[in-house]
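If you want the building blocks of each chain, they are given just below.
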Amino acid sequence: MIKRIVLWTLLVLVVALFLSVIINSFSKGHKLSASTLPEAVNPVGEYAQYIEDHPNVFPEAVDIELIPEDKVSEDFNITYAYDEPALYTSSEGSVTWNFNVSVAGFYNILIDYIPEADGGTDIERKILVNGELPYDELSNVSFQRVWIDGGEKIVDLNGNEIKPIQVEAPERRLAYVKDQIGYVTEPYLIYFSVGANSITIESVRESMSIFGVHVLSIQQIRTYEEAKADYLANNYQPVQGEITGFDETATNPKIEGENAYKRSSPTIYAISDRSSGYNSPNDPVKVILNSIGGTKWSTPGDWITWEFEVPESGLYNISMRTRQSTNRGLFSTRKLYIDGEVPFVEAQNLKFTYASNWNVVTFGSEEEPFYFYLEEGKHELTLEVTLGDY
């Protein structure tokens, strides 16, 4: 399939949050992301057979929490290095929890963890249910680390900018047991029968500490139409004016794309692009770091996060100045998170079409820009590489 062999590359220069009146008068070089409901992806292989072999039942409102003190195996010890107990799991060994299920059916597994110092690569674990591997895809589940700039950018004697060293910034994270490659877009389904069950997490590579494991009901994400109904019910209104833009002033700063707050890989960092005189910042001679992404941001599951401040609660639109000039006739796809949550289903399928030039892309459907409700204060915006639909 094409989606398995194409690189999804995207350069990002500036992020902006606007009021809709600014976006209604689109000009050349200004596009909507043409986001749609993601196409259903049918599982294949052992996973597909596993789902077919079990009743199509999805219990609601279930959250079974398994904490470090309740483990029944002895390979790993509890650490008290954090605000609450955590189970330190090294690169070898396994841990098992026993628990009871009152309603049989398919569930998701969510793991609350923090990466520990080790080799610096993503963490890998095997997931066993009742002592067995349900399907082969659970033999290698990845958990990501977090990377940031290790200091300010370096400027040489000629005024050229050099990227700073990339360092790991361990942070506590919540991650579903899912396909990191992206062939299966939703978290893996795991069937538990009524009564006694067990989960075993077996180390494959790298170390992490686990604060808890959750056996959860399948979480449904609302559609944009449902989000709009919620906005109306809560009387949320568009904010007048803009909080960031492409023309920087002292009171209206840009969110520069290259100044990403954090990302999932040390290979994603600020780069220089001279393809447009409108790129910011820029210099006709010197190497200036003014964008991020490109071919270094093409692996499904990799993400970039920007941090921004909202001065007033209300509805906003989100735009980015981007260029996808690698896959002619195709598009790159990104999944959007606001403060770690997908705001609605269509935000999982933001499309960036091929263009040789830079464009201002506003997140939206083919018909309208999306509104996003943001409370006053600090927020995080994350874009994750996905395979998308073709």
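Residues numbered from 1 in each chain as written. Predicted model: local features only at pLDDT ≥ 70, side-chain atom pairs only at ≥ 80, totals over all residues. Heavy atoms only, no water.

Draft legend 1. Main features of unusual backbone geometry. Of note, the amide linkage connecting serine 280 to proline 281 takes the cis form, showing an omega dihedral of -10°. Within the element layout of this structure, proline 281 appears in the loop between strand E20 (270-271) and strand E21 (291-294). In this model, asparagine 130 sits at a positive phi of 55°, which is unusual for a non-glycine residue. Tracing the backbone through its elements, the reader meets asparagine 130 in the loop between strand E8 (123-129) and strand E9 (141-143). Here asparagine 130 falls in the partly exposed class, since its relative accessible area comes to 41%. At glutamate 206, a position not held by glycine, the phi torsion is positive, near 70°. (Helix = DSSP H or I, 4+ residues; strand = E, 2+ residues; numbered from the N terminus. Buried < 20%, exposed > 50% of the residue type's maximum accessible area, 1.4 Å probe, protein only.)

Draft legend 2. Just the side chain of glutamate 384, in detail. Inspection of the secondary structure puts glutamate 384 in strand E28 (residues 377-386). Although glutamate 384 is buried, it makes no salt bridge; lysine 178 carries the closest opposite charge, 4.0 Å away. For glutamate 384, the side chain forms a polar contact with the side chain of tyrosine 337, separated by 2.9 Å. Not counting residues up to four positions away in its chain, the partners in contact with glutamate 384 are Lys178, Gly301, Asp302, Trp303, Thr333, Arg334, Lys335 and Tyr337. (Lys, Arg positive; Asp, Glu negative; His and termini not counted. Salt bridge = Lys/Arg side-chain N within 4 Å of Asp/Glu carboxyl O. Polar contact = N/O pair within 3.5 Å; in protein donor to acceptor, adjacent residues only side chain to side chain. Contact = heavy atoms within 4.5 Å.)

Draft legend 3. Looking closely at the pattern of salt bridges. Using the criterion set out here, one finds 14 salt bridges in the structure. Among the ionic pairs, glutamate 168 bridges to arginine 145, the shortest N-O distance being 2.8 Å. Of this pair, glutamate 168 sits in strand E13 (residues 166-168) while arginine 145 is found in the loop between E9 and strand E10 (147-149), placing the two residues 23 residues apart along the sequence. Since its relative accessible area comes to 23%, glutamate 168 is described here as partly exposed. With a closest N to O distance of 2.8 Å, arginine 323 and aspartate 273 form a salt bridge. Taken as a pair, arginine 323 in strand E23 (residues 314-323) and aspartate 273 in the loop between E20 and E21 lie far apart in primary sequence, 50 residues in all. Given a relative accessible area of 14%, arginine 323 falls into the buried group. Each of Glu171, Arg173, Lys262 and Glu380 takes part in salt bridges that share partners, so that together they form one network.

That's the geometry; what it means functionally is another story.
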